[in-house]
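Here are the chains, one letter per residue:
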Amino acid sequence: MVRPYTITRGRTAPERDDLTLITVLTTVEEEADAALARGSRAGAHGLQPEHRLILEFCRRPIAVAEVSAGLDLPVSVTKILLGDLVAQGLLKARAPLSVARAAGGVDLGLLTAVREGLRRL
């Protein structure tokens, strides 16, 4: 087992404070493929195994909480790793509503039906 502070290179807080549990992440395909092809190299910008896993998870839109669960790491550690990849231009981070709008908008009828269904429970 590797200690979380080893994975984050001693960092205890993410550089970005806008990553929430429901922030949606997507891999920037061209840049990520190029970074993965270069291979893991030592240094500040080298990809760790966890970074590589994140890039694979994020090939389809996925939330921060799901990435954290997939890595089996604390959310705080995951956010640090995600921040690295966003800073390198390998990941895009979007608020969930902007993703819904890009997909054609939020269906208020569906949301109302879900709310009403939950109230009946």
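## Some points on the overall build of the protein
Scanning the protein for helices and strands turns up seven helices and three strands. For the protein, the sequential pattern of α-helices and β-strands runs α-β-α-α-β-α-α-β-α-α. Residues classed as buried in the protein amount to 31% of the 121 residues present. For the protein, restricting intrachain contacts to residue pairs at least 6 apart in sequence, the fraction spanning at least 24 positions comes to 72%. When the accessible surface of the protein is split by element, carbon and sulfur atoms take 59% of a total near 7,600 Å².

## So, the confidence of the model for the protein
Confidence in the prediction for the protein averages 80 pLDDT; 81% of positions are at 70 or higher. Helix α4 (residues 64-71) holds the highest mean pLDDT among the elements of the protein, 93, whereas helix α6 (residues 96-102) holds the lowest, 62.

## Quick notes on the pattern of salt bridges
Think of it this way: side chains of opposite charge can pair up when their charged atoms draw near. Across all of its chains, the model carries four salt bridges by this definition. The salt bridge involving E29 is made with R59; its shortest N-O contact spans 2.4 Å. Here E29, found in helix α2 (residues 29-38), pairs with R59, found in the loop between α3 (49-57) and β2 (62-63); they are 30 residues apart in sequence, far enough to count as distant. Accessibility expressed as a relative area gives 29% for R59, which makes it partly exposed. For R119, the salt bridge identified is with E116, shortest N-O distance 3.3 Å. Linking R119 with E116, this pair stays in helix α7 (residues 108-120), spanning three residues, or about one helical turn.

## Side note on a nonpolar patch on the surface
Taken together, the side chains of L110, V114, L118 and L121 present a nonpolar region at the surface, about 460 Å² in accessible area. Its place among the elements puts V114 in helix α7.

## Considering the sheet that holds β2
Taken together, three strands build an open sheet; the order of strands is β2-β1-β3 and the sheet is antiparallel. Edge strands, defined here as strands with exactly one partner in the open sheet, are β2 and β3 (91-94). Bridge count for strand β1 (residues 24-27) against β2 is two bridges, and the pairing is antiparallel. From the neighbouring strand, L25 faces β2, where its bridge partner is I62.

## What about the nonpolar core?
L25, I54, L55, V67, L82 and L91 are the most contacted members of the largest nonpolar core, which totals 22 residues. Listing elements by their share of this core, those giving two or more residues are α2, α3, α4 and α5 (75-87). With five residues, α5 is the single largest residue contributor to this core.

The rules behind the values
- Residues numbered from 1 in each chain as written.
- Predicted model: local features only at pLDDT ≥ 70, side-chain atom pairs only at ≥ 80, totals over all residues.
- Heavy atoms only, no water.
- Helix = DSSP H or I, 4+ residues; strand = E, 2+ residues; numbered from the N terminus.
- Buried < 20%, exposed > 50% of the residue type's maximum accessible area, 1.4 Å probe, protein only.
- Contact = heavy atoms within 4.5 Å.
- Areas by Shrake-Rupley, 256 points an atom, 1.4 Å probe, with all protein chains shown as cover.
- pLDDT = per-residue confidence, 0-100.
- Salt bridge = Lys/Arg side-chain N within 4 Å of Asp/Glu carboxyl O.
- Patch = residues over 30% accessible without salt bridge, like charges linked within 9 Å, V, L, I, M, F, W, Y side chains within 5 Å.
- Pairing = 2+ DSSP bridges.
- Core = buried A, V, L, I, M, F, W, Y, C linked by side-chain atoms within 4.5 Å.

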